[in-house]
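Observations on chain architecture
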Amino acid sequence: MTLVDQLQPAMLRVARMYVSTTAVAEEVVQETWLGVLRGLQSFEGRSSLRTWIFRILTNIAKTRGQREGRSLPFASLAGDDLDAPAVDPSRFDSPEGSSRGGWSTLPDDWSGIPEDRLLGHETLDVINRAIATLPPMQAEVIRLRDALGWTSEEVRNALDLTETNQRVLLHRARAKVRGALERYLSSEAT
Amino acid sequence: MGRDLTCKELVELITGYLEGTIRARQRRRFESHLAACDGCTRYLAQMEATIRATGTLTEEQVPDEQKVVLLAAFRNWRTI
């Protein structure tokens, strides 16, 4: 069941993006595994196995979602803040100012933070909570890329994203998670 | 060579830089800005630390009920 352990949580989340309830998402995932078994012989290894499984999953989930009359515009999954700045503009001087658009307050130096704090339970909680507040597609891209270590190509294929979309979603997601960590680490500082 | 990047512009290029998708000329501007800017060097280090910390997250355990349902489906499939 290793493959199930590895992929099932992400499969459920992705299915849930397209269908209305967790129960339906579970059915979609089940149907996907059966589709995987049926199609395994035709799997040609042109993509990774997990990418191929997610293609099957998203096809089934989208069809199911359409049948439910649930058609979601890309923006509702991706979020409407893709053009928002990665860093609060007030952190920079104006372009006409003395540092010509440079930092008005430097970011903190994190190099002195001990590993056990940076990677400790509380920090990971902060990251998890930050990811949970992201629009679903941003959350899934950062989870697959940074938490599960998928390549950009795998994520693009699995979630049916263009190269630009994948990068922009990852950029927004990482910027917000970094921001959450910054708030947490600076409030803990002294 | 074009004008220099501002810090505000650099932070928006960081994902393209880390992904290796920005063009060579842009990469050179990025790196020469970085070499002279403590703020952006720290920002990049923060981003790398964020990615490393996110990399230690683990998935939730798959509940046993879900596995039981799946195993039953797999078993049925094999006997068809």
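About the criteria used
Residues numbered from 1 in each chain as written. Chains lettered and ligands numbered in written order. Predicted model: local features only at pLDDT ≥ 70, side-chain atom pairs only at ≥ 80, totals over all residues. Helix = DSSP H or I, 4+ residues; strand = E, 2+ residues; numbered from the N terminus. Contact = placed C-beta atoms within 7 Å. Nonpolar A, V, L, I, M, F, W, Y, C, P; charged D, E, K, R; others polar. Axes fitted to C-alpha atoms, helices over the stretch in contact; angles between N-to-C directions. Parallel < 35°, antiparallel > 145°, perpendicular 65-115°, else oblique. Left-handed = near helix turned anticlockwise from the far one by under 90°.

What about the overall build of chain A?
Counting its secondary structure elements, chain A contains nine helices and zero strands. Shown N-terminal to C-terminal, the secondary structure of chain A runs as helices and strands in the order α-α-α-α-α-α-α-α-α. Along the first, second and third principal axes, the C-alpha set of chain A runs to 65 × 35 × 30 Å. Sequence-distant contacts, at least 24 apart, represent 66% of the contacts inside chain A between residues at least 6 apart.

Concerning the interface of chain A and chain B
Of the residues lining the interface, 42 residues belong to chain A; the matching set on chain B comes to 33 residues. For the side of chain A that touches chain B, the secondary structure elements donating two or more residues are α1 (2-18), α2 (22-39), α6 (121-132), α7 (136-147) and α9 (163-188) of chain A. Tallying contributions element by element places α9 of chain A first for the side of chain A that touches chain B, with eight residues. Of the residues belonging to the side of chain A that touches chain B, the class tally is 23 nonpolar, ten polar and nine charged.

As for the packing of α1 of chain A against helix α3 (residues 49-67) of chain A
All names here are of chain A. It is at 8 Å that the axes of α1 and α3 come closest, and there the two elements cross at 30 degrees. Put simply, α1 runs roughly parallel to α3. Crossing hand, α1 versus α3: right-handed. Between α1, through L7, M11, V14, A15 and Y18, and α3, the contact on the second element is made entirely by R50, I53, F54, L57, T58, A61, K62, R64 and G65. Among the residues forming the contact of α1 with α3, the class breakdown is nine nonpolar, two polar and three charged.

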